[in-house]
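Chain residues, written in single-letter form:
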Amino acid sequence: MTSGQARGGGDAPIGIFDSGVGGLTVARAVSAMLPRESILYIGDTARSPYGPKPIADVRRYALEVLDTLVDEGVKMLVIACNTASAAMLRDARERYDVPVVEVIGPAVRTAMSTTRNGRIGVIGTEGTIGSGAYQDMLEVNERLTVFARACPRFVEFVERGVTDTPEVLAVAEEYLAPLRDAGVDTLVLGCTHYPFLEGAISYVMGPDVSLVSSDTETAKDVYRQLVSRDLLAGHGAVPTHVYEATGASADDFLDLAHRLMGREVSTVRLVQTGAIDLPR
Ligand code: DGL
């Protein structure tokens, strides 16, 4: 267990962590469902993207950031990053006293209850798909057939703020045609960035395929856990939303956040987590 554990009571913030800006989709879903809750968000921009990195490195980075959030007194940890969730699903729950919510379990449960024909597609980063985390959880149910595909260029598009060009549609067609042709009726968007590409993904997959997005499903899990553990913010609570980034520039984080989400994020402060070592 780490230091600083379980300091956070009901009015302490929910700690949300992602490799960068993409996890703001989860933060947005959490604050839409739980407007009285305070949020402390850390984007590990110094070492993002996590998707192409060895899973052992991702695990180490993620634990450093989560330790920092716990030391800052959060009452709950939300691992908004799919690649990080895949890398450390079990470890985080054993390591911390505060409840830990990750993004894979909630999306898997929703996909299982959504599919009618038992054919489920999963898309994510190379790290997430390579880890087999989604596939393992879904295939516990023997009646399901899972078709998984890494879509690394999707993250690049979103990071450039490009979501609706012919190039995006062409790449989406290339990645997703095999899943569509395999007859999946449910597609899990297993990456923080993919909700920004939902238009293109839905266009390619067609109107009969249900898209399961980890942001809203995770927010529902956060809601459930706060209620069941009696950790909701008190009635008079005044929520604060604080955004931190580990990278060299708070402005870069802010620029991209504004391009993707509008003006919701107003200031970003820089933070050091553990012994930050920059990517090789
Ligand atoms: N946050 C990552 C995820 O959800 C995508 C971006 C990255 O590769 O760091 O998998």
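Residues numbered from 1 in each chain as written. Predicted model: local features only at pLDDT ≥ 70, side-chain atom pairs only at ≥ 80, totals over all residues. Heavy atoms only, no water.

J.: Go over the nonpolar core with me, naming the residues and quoting the values.
T.: One finds Ile123, Phe154, Leu176 and Ile201 to be the most contacted residues of the largest nonpolar core, which totals 71 residues. No other element matches the seven residues that helix α11 (residues 250-261) contributes to this core. Apart from residues lying up to four places away in sequence, leucine 176 is in contact with Ile123, Leu187, Ile201, Val204 and Met205. By size, the runner-up hydrophobic cluster in this structure holds 24 residues, among which are Leu63, Val74, Leu77 and Ala84. (Core = buried A, V, L, I, M, F, W, Y, C linked by side-chain atoms within 4.5 Å. Buried < 20%, exposed > 50% of the residue type's maximum accessible area, 1.4 Å probe, protein only. Helix = DSSP H or I, 4+ residues; strand = E, 2+ residues; numbered from the N terminus. Contact = heavy atoms within 4.5 Å.)

J.: Describe in detail the site of the ligand, supporting the description with residues and values.
T.: Residues in contact with the ligand, as listed here, are Asp18, Ser19, Pro49, Tyr50, Gly51, Cys81, Asn82, Thr83, Thr125, Cys191, Thr192 and His193. Contacts to the ligand include asparagine 82, whose backbone N or O atom sits 3.0 Å from an oxygen atom. Summarising the interface, the protein chains cover 98% of the accessible area of the ligand, which totals 290 Å² for the free molecule. Of the residues belonging to the shell around the ligand, the class tally is four nonpolar, seven polar and one charged. (Near = heavy atom within 4 Å. Polar contact = N/O pair within 3.5 Å; in protein donor to acceptor, adjacent residues only side chain to side chain. Areas by Shrake-Rupley, 256 points an atom, 1.4 Å probe, with all protein chains shown as cover. Nonpolar A, V, L, I, M, F, W, Y, C, P; charged D, E, K, R; others polar.)

J.: How would you summarise a nonpolar patch on the surface if you had to cite specific residues and measurements?
T.: The grouping of Tyr223, Val227 and Leu232 at the surface amounts to a nonpolar patch, some 250 Å² of accessible area in total. Following the sequence through the fold, tyrosine 223 ends up in helix α10 (residues 214-228). (Patch = residues over 30% accessible without salt bridge, like charges linked within 9 Å, V, L, I, M, F, W, Y side chains within 5 Å. Salt bridge = Lys/Arg side-chain N within 4 Å of Asp/Glu carboxyl O.)

J.: Please provide a residue-by-residue account of the packing of helix α7 (residues 152-159) against helix α8 (residues 166-181), values included.
T.: In a packed pair of helices, the relevant descriptors are the angle between the two axes and the axis-to-axis distance. At a closest axis distance of 10 Å, the pairing of α7 and α8 adopts a crossing angle of 160°. As far as their axial angle goes, α8 and α7 are roughly antiparallel. Our pair here, α7 against α8, has a crossing hand that is left-handed. Only Glu167, Val168, Val171, Ala172 and Tyr175 of α8 make contact with α7, whose side of the interface consists of Pro152, Arg153, Phe154 and Phe157. Looking at the contact of α7 with α8, its residues break down into seven nonpolar, no polar and two charged. (Axes fitted to C-alpha atoms, helices over the stretch in contact; angles between N-to-C directions. Parallel < 35°, antiparallel > 145°, perpendicular 65-115°, else oblique. Left-handed = near helix turned anticlockwise from the far one by under 90°.)

J.: Describe the confidence of the model for the protein chain, listing the residues and the values that go with them.
T.: Across the protein chain, pLDDT averages 90, with 94% of residues at or above 70. Contacts of residues 275-280 to residues separated by more than four positions or lying in other chains number 16 contacts, the stretch itself having pLDDT below 50. (pLDDT = per-residue confidence, 0-100.)

J.: Describe the pattern of salt bridges, and please don't skip the residues or the numbers.
T.: In total, this model carries 17 salt bridges according to the counting rule given. Of the charged contacts, one joins arginine 60 and aspartate 57 as a salt bridge, the two residues approaching to 3.8 Å between their closest N and O atoms. Residue arginine 60 and its partner aspartate 57 are located together in helix α2 (residues 55-71), separated by three residues, close to a single helical turn. Residue classification places aspartate 57 among the buried positions, given a relative accessible area of 13%. Of the charged contacts, one joins arginine 180 and glutamate 173 as a salt bridge, the two residues approaching to 3.0 Å between their closest N and O atoms. Judged by its relative accessible area of 28%, arginine 180 falls in the partly exposed class. The network of salt bridges with common partners includes Asp44, Arg47 and Glu64.

J.: Which residues make up the sheet that holds strand β5 (residues 119-124), and what are the values?
T.: With respect to topology, four strands assemble into an open sheet ordered β6-β5-β7-β8, the strand pairing being parallel. Looking along the sheet, the strands with just one partner apiece sit at the ends: β6 (145-150) and β8 (210-213). Adjacent strand axes in the sheet meet at a mean angle of 20°, parallel and antiparallel pairs treated alike. (Pairing = 2+ DSSP bridges.)

J.: Describe in detail the pairing of strand β7 (residues 186-190), supporting the description with residues and values.
T.: Side chains on a regular strand alternate between the two faces of the sheet. Of all five residues in β7, five are buried; the element is thus mostly enclosed. Across the two faces of β7 the burial is the same, with Thr186, Val188 and Gly190 and Leu187 and Leu189 all buried. In the sheet, β5 pairs with β7 via five bridges, with the strands oriented parallel. Bridge pairing in β7 places isoleucine 123 opposite leucine 189. Bridge count for β7 against β8 is four bridges, and the pairing is parallel. Bridging from a neighbouring strand, threonine 186 pairs with serine 210 of β8.

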